[in-house]
Structure formats: C-alpha cells, structure tokens
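Listed below are the residues making up each chain.
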Amino acid sequence: SKIFKTGWEIHMNISFCKADYKDLKKLLSLCREAVNAPYSTWNEDYPNEEILKQDIAAGTLYIIQMDYRDAGLIAAGENGELNCLPWDGAACRPCEIARFGLVSQMRGKGLSRLVLKEAIELCKQQGFDIIRLIASCGQPVVKRLYEGEGFQSFGTARLFEHDFVCYQKRIV
C-alpha cells in the first residue's frame with residue numbers, strides 16, 4: 001500500500017488486495033456500482049461471476065482499497081484475453097489491465113490516475129515488460145488518463161459488441 005497526495009494535500013492510502021472466491025459477492029457489488037460510470041460498457045451482465053472466477057483462478061483480480069475501504073476492482077496480469085489483437089512491437093512478458101472500475105464516490109477526483117500508477121508498479125514487480133489494455137472509444141476521460149500515463153494507441157478493435165481503442169505501454 002502507498003500513501004499519495006492528491007488535490008489539496010489530501011492523503012489517500014491505496015492498496016490492492018488479491019481477490020478470492022469468498023469475495024465474489026463483494027466483487028459483483030463493486031461491478032454493479034461501476035456500471036453507472038459515464039461512458040461505461042459495463043452492464044448487468046458484464047462483468048459477471050464467471051468472468052470474475054476466471055480472473056481469480058488466474059490470480060489477476062484485485063480489490064482496490066482506498067483508506068482501507070473497498071473502492072473498486074482491477075484485473076492486472078497475464079490472462080490472454082487480448083492476444084487476438086495485432087499489437088505493435090515485441091514483448092517478452094506482456095500483461096493486461098482489465099475490469100478497472102471505481103465506485104461512484106471515488107470517481108472524478110483524480111484517483112484513477114493514482115490507481116493506474118499503482119497497477120503499473122504491480123505489473124513491473126511481477127516482471128512484465130508491456131501492459132496492454134483496451135478502452136471504449138467513447139470515453140474521453142479514459143483516453144486522457146491512459147495517454148497521460150504514457151500508453152500509446154495502436155488502433156481500434158471491435159470486441160464484445162463494442163468499439164475499443166487498443167493501448168500499450170512498455171514498462172521496462
């Protein structure tokens with residue numbers, strides 16, 4: 001866990017707790033809360049229990065805690081969902097960030113950037129060399145977030161009945 005300064009000297013302790021099957025009810029509740037985010041492609045059917053179980057089995061799903069309260073979720077690691085896309089550049093150990101969502105009380109405060117920085121650090125610590133992710137084409141705030149953290153766009157793709165921008169960032 002790390003303590004960050006944001007805005008007007010607000011101190012925020014952000015940590016990632018690896019999710020377990022016993023957390024499924026809590027995770028689904030966090031997902032339903034994140035459905036209401038502007039431009040979200042999430043809905044009542046996605047992410048669902050089956051997807052969350054796959055992330056837990058892969059060891060890639062985390063509960064985001066801010067000041068020791070559950071604030072969202074993120075999948076960070078090697079899950080192969082995006083291997084079908086034509087990524088630019090060679091990677092020895094690519095990983096993915098997916099299912100990144102915060103509860104409404106935590107949005108619009110610049111906290112997504114801090115969580116993303118923490119996720120990038122987590123991926124570095126696990127020995128990955130490139131992070132790949134997709135973001136809905138209709139999300140200008142998310143575009144600024146990822147590009148502001150050095151992610152480069154490598155075109156668009158149509159997946160899961162939505163159009164996405166494909167981003168990647170070399171982290172070593």
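It should be emphasised that the depicted structure is a prediction, and the values quoted were computed from it without experimental measurement.

Colleague: Help me out: how do you make sense of the pattern of salt bridges in this one?
Modeller: It is possible for side chains bearing opposite charge to pair when their charged atoms get close. Throughout the structure, instances matching the rule amount to 12 salt bridges. Across the pair K143 and E147 runs a salt bridge, and its minimum N-O distance is 3.1 Å. Placement of both K143 and E147 in helix α4 (residues 140-148) is noted, with a separation of four residues, approximately one turn of the helix. Of the residues examined, K143 reaches a relative accessible area of 43% and is grouped as partly exposed. Residues R158 and D163 are paired through a salt bridge, measuring 3.2 Å at the closest nitrogen-oxygen approach. Accessibility expressed as a relative area gives 40% for D163, which makes it partly exposed. A single salt-bridge network, built from bridges that share partners, covers D55, E81 and R99.

Colleague: It is not clear to me how helix α3 (residues 111-125) should be interpreted in this structure. Could you clarify?
Modeller: For an α-helix, the turn length of 3.6 residues means that residues three or four places apart are oriented alike. Compared with the 21 Å implied by 1.5 Å per residue over 15 residues, the 21 Å span of α3 between its first and last C-alpha is a close match. Of the positions making up α3, those classed as buried are L111, L114, V115, L116, E118, A119, I120, L122 and C123. Backbone geometry just downstream of α3 places G127 in the positive-phi region, at approximately 85°.

Colleague: Explain the packing of α3 against α4 to me, please; I cannot follow it from the model alone.
Modeller: Helices that pack against each other are described as a pair by the angle of their axes relative to one another and the distance between those axes. Between α3 and α4, the least distance of the axes is 10 Å, while the angle of their chain directions is 40°. With respect to α4, the axis of α3 lies oblique. Seen along the crossing, α3 lies across α4 with a hand that is right-handed. Contacts between α3 and α4 involve S112, R113 and L116 on the former and, on the latter, R144, L145, Y146 and G148. The class makeup of the residues in the contact of α3 with α4 is three nonpolar, two polar and two charged.

Colleague: For this particular structure, what's the right way to read the packing of aromatic side chains?
Modeller: Any pair of aromatic rings gets described here by the distance separating the centres and the angle formed by the planes. One pass over the structure, following the stated rule, counts four aromatic pairs. Ring centres of W42 and Y46 lie 6.3 Å apart, and the angle between their planes is 80°; this geometry places the pair in the edge-to-face category. With a relative accessible area of 12%, W42 lands in the buried category. Each member of the aromatic cluster is reached from another via a ring pair, and the members are Y146, F151 and Y167.

Conventions adopted
- Residues numbered from 1 in each chain as written.
- Predicted model: local features only at pLDDT ≥ 70, side-chain atom pairs only at ≥ 80, totals over all residues.
- Heavy atoms only, no water.
- Salt bridge = Lys/Arg side-chain N within 4 Å of Asp/Glu carboxyl O.
- Helix = DSSP H or I, 4+ residues; strand = E, 2+ residues; numbered from the N terminus.
- Buried < 20%, exposed > 50% of the residue type's maximum accessible area, 1.4 Å probe, protein only.
- Expected span 1.5 Å × (residues − 1).
- Axes fitted to C-alpha atoms, helices over the stretch in contact; angles between N-to-C directions.
- Parallel < 35°, antiparallel > 145°, perpendicular 65-115°, else oblique.
- Left-handed = near helix turned anticlockwise from the far one by under 90°.
- Contact = heavy atoms within 4.5 Å.
- Nonpolar A, V, L, I, M, F, W, Y, C, P; charged D, E, K, R; others polar.
- Phe/Tyr/Trp six-rings, centres within 6.5 Å; stacked < 30°, edge-to-face > 60°.

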